[in-house]
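Survey of secondary and tertiary structure
The residues making up each chain are set out below.
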Amino acid sequence: RDLMGSIVPLDEMMQMNAKQWFEKVYPFTKEVKLPMQPLEVIVEAGDMIYVPPGGWFHVVLTLERCVGITYNMFTRYDYQQILDGT
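So, a few notes on the structure that sits alongside this text. Being a predicted model, the structure only gives us computed values, none of them experimental.

With that settled, consider the overall build of the protein chain. Looking only at helices and strands, the protein chain features 5 helices and 0 strands. Reading the secondary structure of the protein chain in the N-to-C direction produces α-α-α-α-α. Taking all contacts inside the protein chain whose residues are at least 6 apart in sequence as the whole, residues at least 24 apart take part in 36%. Counting every atom, the protein chain has about 8100 Å² of accessible surface; 58% of that belongs to carbon and sulfur.

The structure is reproduced here in structure tokens:
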């Protein structure tokens, strides 16, 4: 099966919050052939994770109370895609 096409339409998936994504999409990532399998990481107190710019889709689920700091950036190479919403 094609995860993007047959499970959930891409436009619908882009509108999901993390809880909806984990309930509706994530279970199927183990069943379908993907170019890359999801990477699961548990970040402990004092740790941080870097998600590189450039369209790396990611979902965050907090397991306990925490403080999260994010910074969104774009470069001159990808700003038009961001402005176009692609």
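From this point, the discussion proceeds with the structure in view.
Right, let's talk about the pattern of salt bridges for a bit. Under the criterion given, the structure shown has 1 salt bridge. For Lys19, the salt bridge identified is with Glu23, shortest N-O distance 2.6 Å. With Lys19 and Glu23 both in helix α3 (residues 18-24) and 4 residues apart, the pair spans about one turn of that helix.

Thresholds, definitions, all that
Residues numbered from 1 in each chain as written. Predicted model: local features only at pLDDT ≥ 70, side-chain atom pairs only at ≥ 80, totals over all residues. Heavy atoms only, no water. Helix = DSSP H or I, 4+ residues; strand = E, 2+ residues; numbered from the N terminus. Contact = heavy atoms within 4.5 Å. Areas by Shrake-Rupley, 256 points an atom, 1.4 Å probe, with all protein chains shown as cover. Salt bridge = Lys/Arg side-chain N within 4 Å of Asp/Glu carboxyl O.

Just distances and angles here, no functional claims.
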